[in-house]
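Here is what each chain is made of, one letter per residue.
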Amino acid sequence: PGALRSSERMMRLIGDLLDIEKVKSGMMEMNRERISLQKVFESTVEQSAGYAHELGVSLRFEATNTMVNADEQMLLRILANLVSNAIKFSPKGGTVKLSVKSNNEVVTVTVEDQGVGLPPDMLDSVFDRFQQAPNQTSRTRGGSGLGLAICKALVELHGGKIWAESQLNQGTQFRFELPQSN
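Being a predicted model, the structure only gives us computed values, none of them experimental.

S.K.: Could you give me a rundown of the overall build of the chain, with the residues and numbers involved?
M.R.: Each helix and strand in the chain was counted, giving four helices and seven strands. Secondary structure elements in the chain, listed N-terminal to C-terminal, are α-β-α-β-β-α-β-β-α-β-β. Since a compact globule built from 182 residues should have a radius of gyration of about 16 Å, the 16 Å found for the chain is in line with a globular shape. Projected onto its principal axes, the C-alpha positions of the chain cover 45 × 35 × 30 Å.

Here you go:
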């Protein structure tokens, strides 16, 4: 199983790299539609529940009736990456929370954890390829180092932006903005 797991990880890595290149070269096809963030949150929590349970982390989201104009598969992928990162860096018994705020122009989605936080000098570079936060937890779960780079590429493809806010030992909030759907 070790070799199989390694080759699966390698295939994922190659797929992720190809997707980043596709976005950069304008070849990534996007299927924008009006999507309920409530539905996307529900799917994300459902998909991540097993991993969260395994690490003793709870997932919750604030109910919302916010709609966005987005590609649903891409949005699910962005959230899956952000949520699995948040779970990975959460302490046992911690909570990962999804929420959304909107004004007339933009919708801001936040994925918040109660982990050790990011050092200030990593808040920008954490979105670069193969950058991984120094993991002070013993729960090093690997990962391709491309999850956040993909999030950034997909958010930017939607005309949005993504950033991180963090205080050491108080957790991290990953936020991204998308244009509001009327």
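S.K.: Got a sec to walk through the packing of aromatic side chains? Specific residues and values, please.
M.R.: Taken as a whole, this structure holds two aromatic pairs when the rule is applied. Centre to centre, the rings of F127 and F174 are 5.8 Å apart; their planes meet at 85°, and the pair counts as edge-to-face. In this pair, F127 sits in the loop between β5 (106-112) and α4 (147-157) while F174 sits in strand β7 (residues 172-179), placing the two residues 47 residues apart along the sequence. Accessibility expressed as a relative area gives 6% for F127, which makes it buried. Exposure remark for F174: the relative accessible area of 7% places this residue in the buried category. We note K161 situated over the ring of W163; from NZ or CZ to the ring centre the distance is 5.3 Å.

Rules used in this analysis
- Residues numbered from 1 in each chain as written.
- Predicted model: local features only at pLDDT ≥ 70, side-chain atom pairs only at ≥ 80, totals over all residues.
- Heavy atoms only, no water.
- Helix = DSSP H or I, 4+ residues; strand = E, 2+ residues; numbered from the N terminus.
- Rg over C-alpha atoms; globule rule 2.2 N^0.38 Å.
- Phe/Tyr/Trp six-rings, centres within 6.5 Å; stacked < 30°, edge-to-face > 60°.
- Buried < 20%, exposed > 50% of the residue type's maximum accessible area, 1.4 Å probe, protein only.
- Lys NZ or Arg CZ within 6 Å of the ring centre and 35° of its normal.

None of this, on its own, says anything about what the molecule does.
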